[in-house]
Amino acid sequence: MGQVSANHVLCRREVVRTLLADRSDLLVVTGLGSASYDVMAAGDHANNYYLWAAMGSAITVGLGLANAQPDKSVVVITGDGELLMGFGALATVSLQQPKNLTIVVLDNGHFGETGMQVSHAGFGIKLDQVAATCGFAWTDEIREMDGVHGLRERFANRDGVKLATVKIRAENPPRVLPPRDGYYIKNRFRAALGLQPI
């Protein structure tokens, strides 16, 4: 399979800002690197759970949170490279079928944190189709902002596990670093859920 020159046309920061506009009590888990910077750039929030040094774990953390908080909508925002590091998580999510979980894959077809090498997605692996084959209730590949707006509207619908691949430009906007203190992030998030610190 040769490299695919996909038409990545969307701006990652605009996509994430749109997804998180008027977010209400949405719970957000971020993948490493650029996805965390994008979510932070859209506005820090006590309901954001930023991951550091946990490559490939965003989906499994989101799954655990969705199972623990079934009355809240949980969104994982991650990149294609981070998802590929924990590829088996898609099968685990499908077996558990949390109705309140949506996974958003910001797909630029590259491993942005390690030098912009072409990723499996850049070579043509369609992550939304993998999720569909695993049995996700809804999947899509989004290349236009209309699709991003439609995806945001789906967050509140706790009608089955969802995954959207959002095709974005391969770019590295300035980093907007979220808090790096894991203890602080954890306990701020717990407090937002009405739970005691640990």
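Structure's up top.
Scope of this entry: the structure provided in the associated data block. (Residues numbered from 1 in each chain as written. Predicted model: local features only at pLDDT ≥ 70, side-chain atom pairs only at ≥ 80, totals over all residues. Heavy atoms only, no water.)

When two helices pack together, their arrangement is given by the angle between their axes and by how far apart the axes lie. Where helix α3 (residues 58-68) contacts helix α5 (residues 89-96), the two axes come as close as 9 Å, and the packing angle between them is 15°. Considered as vectors, α3 and α5 are oriented roughly parallel to each other. Classified by chirality, the crossing of α5 by α3 is left-handed. Of the residues in α5, those in contact with Ile59, Thr60, Leu63 and Asn67 of α3 are Ala89, Leu90, Thr92, Val93 and Gln96. For the contact of α3 with α5, the per-class residue count stands at five nonpolar, four polar and no charged. (Axes fitted to C-alpha atoms, helices over the stretch in contact; angles between N-to-C directions. Helix = DSSP H or I, 4+ residues; strand = E, 2+ residues; numbered from the N terminus. Parallel < 35°, antiparallel > 145°, perpendicular 65-115°, else oblique. Left-handed = near helix turned anticlockwise from the far one by under 90°. Contact = heavy atoms within 4.5 Å. Nonpolar A, V, L, I, M, F, W, Y, C, P; charged D, E, K, R; others polar.)

Time to look at helix α2 (residues 34-41). The buried fraction of α2 amounts to seven of the eight residues, a majority that puts the element mostly inside the structure. The inward-facing, buried residues of α2 abut α1 (12-19), β1 (27-30), β2 (48-50), β3 (74-79) and β4 (101-107). Positive backbone phi, approximately 125°, marks Gly43, located one or two places after α2. (Buried < 20%, exposed > 50% of the residue type's maximum accessible area, 1.4 Å probe, protein only.)

The next subject is the packing of aromatic side chains. Summed over the entire model, instances satisfying the criterion amount to one aromatic pair. Between Tyr49 and Phe189, the ring centres sit 5.3 Å apart and the planes meet at 75°, which makes this aromatic pair edge-to-face. Remark: Phe189 occurs in helix α8 (residues 182-192) and Tyr49 occurs in strand β2; sequence separation between them is 140 residues. On the accessibility criterion, Tyr49 (23% relative accessible area) is partly exposed. The side chain of Arg180 reaches across the aromatic face of Trp52, ending 4.6 Å from its centre. (Phe/Tyr/Trp six-rings, centres within 6.5 Å; stacked < 30°, edge-to-face > 60°. Lys NZ or Arg CZ within 6 Å of the ring centre and 35° of its normal.)

We now examine the side chain of Thr30. Topologically, Thr30 is positioned in strand β1. Within the structure, the side chain of Thr30 is placed 2.7 Å from the side chain of Ser36, a separation counted as a polar contact. If near-sequence neighbours (up to four positions away) are discounted, Thr30 is found in contact with Ala35, Ser36, Val39, Tyr49, Tyr50, Leu51, Ala58 and Ile77. (Polar contact = N/O pair within 3.5 Å; in protein donor to acceptor, adjacent residues only side chain to side chain.)

Here we come to the nonpolar core. Within the largest apolar cluster, 26 residues are counted, with the highest numbers of intra-cluster contacts made by Ile59, Leu101, Ile103, Phe136 and Leu163. Taken together, the elements giving at least two residues each to this core come down to β1, α3, β3, α4 (80-85), α5, β4 and α6 (127-134). At five residues, the largest contribution of residues to this core is made by α3. Counting 25 residues, the second largest nonpolar core, distinct from the first, contains Leu19, Val75, Val104 and Phe155. (Core = buried A, V, L, I, M, F, W, Y, C linked by side-chain atoms within 4.5 Å.)

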